[in-house]
Amino acid sequence: MAIDVSNIREWLIDGGRSSPVPAKMIEELCVRLTAAGIPLWRVAFFIRTLHPDIFGRNFIWKPGEEVALGTVDFDIQDTPEFNASPLSIVFRQGREVRCRVDDPESAKYPIIDDLRAEGVTDYIALPILFIEGSAHATSWTTRQEGGFSDEQIAALRSIMAPLARLVEVIGLRRVAATLLDTYVGNRAGEKILGGQIRRGHTENMNAAIWLSDLRGYTSLSDRLPPETIVDILNTYFDCQVAAIKAHGGEVLKYMGDGLLAVFPIDEYVGDSQQVCARVLAAARETRAGVGALQYPVGDTIERFRFGVALHVGPILYGNIGGGARLDFTCIGPAVNLAARLEKLTSRLRRTIVASEGFAGICSGGWRDLGEFPIAGFARAQRVYGLFDEEAAEAA
């Protein structure tokens, strides 16, 4: 039977438009190849990505099953399993590896025993080569008696160039989204990727505002090596970011030891009372997490405290900057007030303080700490603290 995959190549060149989602594209590709006369069993794609925690993603297809998705972290590169795999050759050298299960030469790869147990007769790993030079990998197996024929292998090789271009385009878009998500946040990243990139592109938003910093940061920076400070900051920020994201917030900016986050209030997220309740829950979780931190430095154990101010109000959210260097952030009197209130946390010996507006929405558990003059504001502002921090105040 002649193997004709010209229509599949054309489909790939056209962008696999009938299956715009990567997993569906892989599924349709495998189904089309099987229908063309290549009896595939297990097919896998292994694509490296640009992500702070993830080395790459894998997509695994089997007949009649949905494509399984997975991720691997950077440690995989140092594992014996990876180094003994044909995929390590594809990633590091960018060349294909063929392993017939009945070939004694293939026995050097431990994966062959697993494939034999599945009834696989042949395996080939083919590289996906991106234009910028990086190598990614695919693996193709069959349970056909005698393995893949020469014609079937030639057909698979013939689709790799258009497949590589399509995977690269999909991958670049995912990398762009990941980088934006990493550096400016998910909500802002979606807007930037959607075309909101001109200076002055802004929108009005009602939001709960979180502004925090680490107590004693200047002293820490003075007496500890910079590398230690970076590690401390990362550990400290982990306590906040996990809680903020879990409760619907978005981190907009790190400023040294400071952190600015917003919790949007709109028809999609919920009313202000619900949002502010989630903000307070995140603040309490962070307080517990930071309070439990213990960082060994020499013979001593460093412990940490932080302060966070919570406010709610209208903000202007979007692109601000000079020339072609922009920042996607938020500004407005509400942000300024949160920043000023945060400075009061140390003076009041409190971890969490709130504006009158926030405490009025998120009712219960607040004590009026009095009015305080706030730089830049015409009138003094009333500040609230939590009853469950009374002991800390008295300490």
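Caption draft 1: Highlighting the environment of Pro373. Its location among the elements puts Pro373 in the loop between strand E15 (366-372) and strand E16 (381-386). When its relative accessible area of 66% is taken as the criterion, Pro373 is described as exposed. Taking the C-alpha atoms as reference, Pro373 lies 9.9 Å from Arg340; in sequence the two are 33 residues apart.

Caption draft 2: The sheet that holds strand E6 (residues 135-142), seen in detail. One open sheet accounts for six strands, arranged E3-E2-E1-E6-E5-E4; its pairing is antiparallel. Looking at the sheet topology across the chains shown, the edges are occupied by strand E3 (68-72) and strand E4 (97-100). For this sheet the average axis-to-axis angle between neighbouring strands, irrespective of direction, equals 15°. In the sheet, strand E2 (residues 56-61) pairs with E3 via five bridges, with the strands oriented antiparallel. Its bridge partner lying in E3, Phe59 is registered against Leu69. Most of the contacts of helix H2 (residues 22-35) go to E2, to which it runs at about 40°, and overall it touches strand E1 (40-48), E2, E3 and E6. Packing of helix H6 (residues 150-184) onto the sheet brings it into contact with E1, E2, E4, strand E5 (122-129) and E6, and relative to E5 it is tilted by some 45°.

Caption draft 3: Quick peek at the nonpolar core. In this structure, Trp210, Leu310, Phe358 and Trp366 are the most contacted members of the largest nonpolar core, which totals 42 residues. Per element, the largest residue contribution to this core is nine residues, and it comes from helix H9 (residues 226-246). Counting 35 residues, the second largest nonpolar core, distinct from the first, contains Ala155, Met160, Ala164 and Leu166.

Caption draft 4: Focus on helix H1 (residues 6-13). Turning to H1, its buried residues number three or more, namely Ile8, Trp11 and Leu12. An end-on view of H1 places all buried positions within 100° of arc, on one side of the element. When the buried face of H1 is taken as reference, the exposed residues oriented beyond 90 degrees from it are Asn7, Glu10 and Ile13. Buried positions along H1 lie against H2 and H6. Gly15 sits one or two positions beyond H1 and adopts a positive phi of about 95°.

Calculation criteria
Residues numbered from 1 in each chain as written. Predicted model: local features only at pLDDT ≥ 70, side-chain atom pairs only at ≥ 80, totals over all residues. Heavy atoms only, no water. Helix = DSSP H or I, 4+ residues; strand = E, 2+ residues; numbered from the N terminus. Buried < 20%, exposed > 50% of the residue type's maximum accessible area, 1.4 Å probe, protein only. Pairing = 2+ DSSP bridges. Axes fitted to C-alpha atoms, helices over the stretch in contact; angles between N-to-C directions. Contact = heavy atoms within 4.5 Å. Core = buried A, V, L, I, M, F, W, Y, C linked by side-chain atoms within 4.5 Å. Arc of directions from axis to C-beta.

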